[in-house]
2 protein chains.
Amino acid sequence: MRLSRYFIPVSKDVPSDATIASHKLMLRTGMVRQNGAGIYSWLPLGFRVLKKIEQIVREEMDRAGAIEMLMPTLQQADLWRESGRYDDYGEEMLRITDRHDRDMLYGPTNEEMITDIFRSFVKSYKALPVNLYHQQWKFRDEIRPRFGIMRGREFLMKDAYSFALSEDAARVSYQKMFAAYLNTFDRMGITAIPMQADPGPIGGDLSHEFLILADSGESEVYCDKAVLDVPAPGADFDFDDLNALEAEMSKRTQYYAATEEKHDEAAFNAIPADRQVKARGIEVGHIFYFGTKYSDPMKAEVQTKEGDLVTIHGGSYGVGVSRCVGAIIEASHDENGIIWPDEVAPFGAGIISMKPDANDVAAVADEAYAKLLAAGKDPLYDETSDRAGPKFARMELIGLPWQITVGPRGVKSGTVELKRRATGEREDLSLESAINKVMGT
Amino acid sequence: MRLSRYFIPVSKDVPSDATIASHKLMLRTGMVRQNGAGIYSWLPLGFRVLKKIEQIVREEMDRAGAIEMLMPTLQQADLWRESGRYDDYGEEMLRITDRHDRDMLYGPTNEEMITDIFRSFVKSYKALPVNLYHQQWKFRDEIRPRFGIMRGREFLMKDAYSFALSEDAARVSYQKMFAAYLNTFDRMGITAIPMQADPGPIGGDLSHEFLILADSGESEVYCDKAVLDVPAPGADFDFDDLNALEAEMSKRTQYYAATEEKHDEAAFNAIPADRQVKARGIEVGHIFYFGTKYSDPMKAEVQTKEGDLVTIHGGSYGVGVSRCVGAIIEASHDENGIIWPDEVAPFGAGIISMKPDANDVAAVADEAYAKLLAAGKDPLYDETSDRAGPKFARMELIGLPWQITVGPRGVKSGTVELKRRATGEREDLSLESAINKVMGT
């Protein structure tokens, strides 16, 4: 993308209510614009990151056998009356009345709707297990929206819903999501720790929150340092291997890791002192087995092989897709701006032409742009006539993984400057070597 | 995708309010499920088509230089009070009050919001022209939603907004969208005719509706048959070539084509009788130059090179993304089901294994699946134990462009049956030849 044809409204002024790094940086880089309390537009740069995260989530859900679909944002109140949650949900539910005076709501989550879809189509055990997911905008009417898109009112969430014949089968569905989440966050360049969370009225051990450690986190979390070093299952993981699924869970649950609500001080103190981690965490995902909580009142039943009717066992699995954008920035920035991990960067590399009106400089910069474009590295090409200082500062601020600077002196000696944003390391290289290095990531 | 692991709830029963082909077929193929009046879930098969269309729209917008972003679904009423449309819009606007009693609404369109974003960031002529677009769910509280997703209340729309310094510059922005729309619909496999439409209070010739001809269309349209034969600009079209842009418009506007509102009986009668087309049309896009309609009241001004303040000239450009799914089906189906054009088909090919429990049949069908998958053709593999009749009927119904049938007799003689859905043509071929033929499209 040529910057002169793009729209990145960077800004020095940040409103005083922006107190955490990700909120400030997303405003300064022109990634988002606030349109109302807790409601944001995703400007072009922010939109690109959001789409990358959505795509990673999609690929990892698909790999784990979940099936993508899309439910609407608005729902009928009647469905929520069936489950009993319409009155329970409280003021965070945005209630709406249409022109025919029908009670509707802006979906904060979709357990009722997906259960309704399931029961209307699935009558036999043969279709089970099944896991359906979507990535759709949700609304929760937070009383005090804050931290930018991290705690907004309109937010993008991936929510998956599994249906199984028995508690045992539901456990397998749960374990698949557990493993898929580890891969998902790993690909985003963040370490999300699964922590025991409050399982709600159902009980059992099947409720985990996935949190990343960050000073700006809203929850206090406790864990054994060792859990941070367990590698993600990886791209070759076999989701049909039941032993491997169980192992991925136990590899982690052998170490202590809990949110405040589930914290057990004695168990925590039993960890060797140098491995005790008490920190703040940002929740980026939550997985949950809820048994027959919705299928019971909503009569989601299927016929078994033997002809009996059984109520299905369900689980739901959320990823805060838009929140992940903020969480990644919280985990990866410095005083000059954002440091994007490679897989989620809005552009793979930045090219700065120091003298766009000098033919020799323009020729080399154009070549760098054409080659990275052709190689699918999606470069951002700053060929504007802005001064050098602001150009460098802007490129640092938006934090693309690589910067290639083409200047008159380098061009005379046949080199460009390649800089890795994360380490600050700079090298003078031939254009060819610089491109090869960028392509290696 | 293996059908046994997928979710396509085909159904024979269609409610009596489904009167048009696309509505019936989308329900019968399990593409969508109604969740309320004019509100639908996109089940996995329908979702895939929707995403393909969204991607075509994206690629063609990007090619024409428009920049993608994403605005929220909910908006503040105050913005609409500024433009004067809050009171004018009437009952189709879904008005919402949040927990703090603030007036909000579910966006039916985004002229106000994008003008607000523009004015808050752009102060200089240097950033112009610019065209920002998004693909987001909209809501219009239709009094009588009908025709399934074709006239729903919650619908997906691509809306682009251009900003230019002058009427002349705005005309270029308009022409780019005109050409981009021709390519967009062409890639979807439909012939959308740009027709003169009511330009509203601004006047001028810069308002076109894009319609496809279909008996179920809601508007009466009139055109010269010759306009149907003008080819789309194509993938190599240069959007920076002003003469070419003008030519793409005049190539079409030389022929009569108008909606009912703009119909001129005398001009129509002047067309040679064998070229007079009077038909019904489905609107799939609308492009519109509106000058300073929003920038005037909302004070969207920029400084010119000479230091003067000028009010910007705007246009908006819509594509009914979700409606296109229905429009394509209206244009392309037969008594057995849908006939998907190649570029928007939910899967590139279907493979039917006639005897999944016979090793030799399974081996050939598995090979067909693996090869098409590796080649990126995204096959749907029916390896279920259903009977042959229902398997064929289902594959016809969902209408993938190609069907490869692997049966015991063919396997013995080293062949599979390849069928083209659109023509019904069948051939017995070696698996290799069949795959080559499928890959050729």
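Residues numbered from 1 in each chain as written. Chains lettered and ligands numbered in written order. Predicted model: local features only at pLDDT ≥ 70, side-chain atom pairs only at ≥ 80, totals over all residues.

Let us look at the overall build of chain A. From N to C terminus, chain A includes 14 helices and 23 strands. With the C-alpha coordinates of chain A rotated into their principal frame, the extents come out at 80 × 60 × 40 Å. Expressed as a percentage of the 441 residues in chain A, the buried residues total 49%. For chain A, the proportion of contacts with a sequence separation of at least 24, taken over those separated by at least 6, is 73%. (Helix = DSSP H or I, 4+ residues; strand = E, 2+ residues; numbered from the N terminus. Buried ≥ 20, exposed ≤ 12 C-beta atoms within 10 Å, placed from the backbone. Contact = placed C-beta atoms within 7 Å.)

Next up on the list: the domain arrangement of chain A. Segmentation of chain A into domains returns domain 1 (3-337) and domain 2 (347-439). For the side of domain 1 of chain A that touches domain 2 of chain A, the residue count by class is four nonpolar, four polar and one charged. (Domains from an automatic or database assignment. Nonpolar A, V, L, I, M, F, W, Y, C, P; charged D, E, K, R; others polar.)

Residue and element names in this part refer to chain A. For helix α11 (residues 359-374), spanning 16 residues, the distance from its first C-alpha to its last is 22 Å, which sits close to the expected 22 Å at 1.5 Å a residue. Restricting attention to buried positions, one finds in α11 the residues Val361, Val364, Ala365, Ala368, Tyr369 and Leu372. When α11 is viewed along its axis, its buried side chains cluster within an angular range of 135° and face the same direction. Every exposed residue of α11 that faces more than 90 degrees away from the buried side is listed here: Asn359, Asp360, Ala363, Ala370 and Ala374. (Expected span 1.5 Å × (residues − 1). Arc of directions from axis to C-beta.)

At the interface, 40 residues of chain B touch 40 residues of chain A. Secondary-structure elements contributing two or more residues to the side of chain B that touches chain A are β1 (32-36), β2 (39-42), α2 (44-63), β3 (67-68), β4 (74-76), β5 (94-97), α5 (111-121) and β7 (130-139) of chain B. Of the residues contributing to the side of chain B that touches chain A, the split by class is 25 nonpolar, seven polar and eight charged.

We now examine the packing of α2 of chain B against helix α6 (residues 167-187) of chain B. Residue and element names in this part refer to chain B. Contact pair α2 / α6: the axes reach a minimum separation of 9 Å and the direction vectors enclose 155°. With respect to each other, α2 and α6 are oriented roughly antiparallel. α6 is crossed by α2, and the crossing has right-handed handedness. Residues Ile56, Val57, Glu60, Met61 and Arg63 of α2 touch α6, and the partners they reach there are Ala180, Asn183, Thr184 and Arg187. (Axes fitted to C-alpha atoms, helices over the stretch in contact; angles between N-to-C directions. Parallel < 35°, antiparallel > 145°, perpendicular 65-115°, else oblique. Left-handed = near helix turned anticlockwise from the far one by under 90°.)

This part covers the environment of Pro401 of chain B. Within the secondary structure layout, Pro401 of chain B lies in the loop between α12 (388-398) and β21 (402-406). The residues touching Pro401 of chain B, leaving out its near neighbours within four places in the chain, are Trp340, Asp342, Ala345, Gly348, Ala349, Arg421, Ala422 and Thr441 of chain B.

Looking now at the sheet that holds strand β23 (residues 426-429) of chain A. Residue and element names in this part refer to chain A. Read from one edge of the open sheet, five strands run β20-β19-β21-β22-β23, paired in mixed fashion. Each edge of the sheet is formed by a strand with only one pairing partner; in this case those strands are β20 (379-382) and β23. Along the sheet, successive strands turn relative to each other by an average axial angle of 20°, direction set aside. Sheet topology note: the strand β21 (residues 402-406)/strand β22 (residues 416-420) ladder contains four bridges and is antiparallel. When the bridges of β22 are listed, Thr405 appears paired with Glu417. (Pairing = 2+ DSSP bridges.)

This part is about the pairing of strand β23 (residues 426-429) of chain B. Summarising the sheet, strand β22 (residues 416-420) of chain B and β23 of chain B pair through four bridges and their orientation is antiparallel. Along β23 of chain B, the bridge assignment pairs Glu417 of chain B with Asp428 of chain B.

Residues and elements named next belong to chain A. Buried residues dominate helix α1 (residues 21-28), accounting for six of its eight residues. Three or more residues of α1 are buried, namely Ala21, Ser22, His23, Leu25, Met26 and Leu27. On the buried face of α1, the contacting elements are β1 (32-36), α2 (44-63), α10 (321-331), β17 (333-334) and β18 (337-338). Following α1 by one or two positions, Gly30 has its phi on the positive side, about 65°.

Bringing the relation of the copies chain B and chain A into the picture now. Of the transformation superimposing chain B on chain A, the axial component is 0.0 Å and the angular component is 180°, with the fit at an RMSD of 0.0 Å. Such a combination of turn and shift is consistent with a two-fold rotation axis. Residue Ile96 of chain B, judged by its C-alpha, is the member of chain B lying nearest the rotation axis, at 3.0 Å. A symmetric contact is evident, with 100% of the interface residues of chain B recurring at the interface of chain A. (Least-squares fit on C-alpha atoms with pLDDT ≥ 70 in both.)

What follows deals with the sheet that holds strand β6 (residues 103-106) of chain B. Residue and element names in this part refer to chain B. The antiparallel open sheet is built from three strands, whose spatial order is β4-β6-β5. Pairing within the sheet leaves two strands with one partner each, and these edge strands are β4 and β5. Strand after strand, the sheet turns through a mean of 35° between neighbouring axes, direction not considered. Two elements, β5 and β6, share four bridges in a ladder whose sense is antiparallel. Bridge pairing in β6 places Ile96 opposite Met104.

Turning to unusual backbone geometry, a few remarks are in order. Pro129 of chain A follows Leu128 of chain A through a cis peptide bond whose omega is -5°. Mapped onto the elements, Pro129 of chain A comes out in the loop between α5 (111-121) and β7 (130-139). For Phe147 of chain A, which is not glycine, the phi dihedral falls at a positive 60°. What makes Phe147 of chain A buried here is the crowd of 20 C-beta atoms within 10 Å. Look at Asp101 of chain B: it is not a glycine, yet its phi comes out positive at around 65°.

The next subject is the pairing of strand β16 (residues 313-320) of chain B. If a strand is regular, its side chains alternate between the two faces of the sheet. Residues and elements named next belong to chain B. Of all eight residues in β16, eight are buried, a share of seventy percent or more. Side chains His313, Gly315, Tyr317 and Val319 of β16 all project onto a buried face; the interleaved residues Gly314, Ser316, Gly318 and Gly320 project onto the opposite face, where all are buried too. Across eight bridges, strand β8 (residues 154-164) lies against β16 in antiparallel orientation. If you follow Ala164 over to β16, its bridge partner there is His313. For strand β13 (residues 276-291) and β16, the ladder comprises six bridges, and the chain directions are antiparallel. Of the residues in β16, the one forming a bridge with Tyr289 is Gly315.

Okay, the confidence of the model for chain A next. Considering every residue of chain A, the mean pLDDT works out to 96; 99% of them sit at 70 or more. Confidence estimates for the predicted assembly give a pTM of 0.97 and an ipTM of 0.97. (pLDDT = per-residue confidence, 0-100.)

To continue, consider the environment of Leu182 of chain A. Take Leu182 of chain A: it is sitting in helix α6 (residues 167-187). Apart from the residues lying within four places of it in its own chain, the contact partners of Leu182 of chain A are Ala232, Pro233 and Glu248 of chain A.

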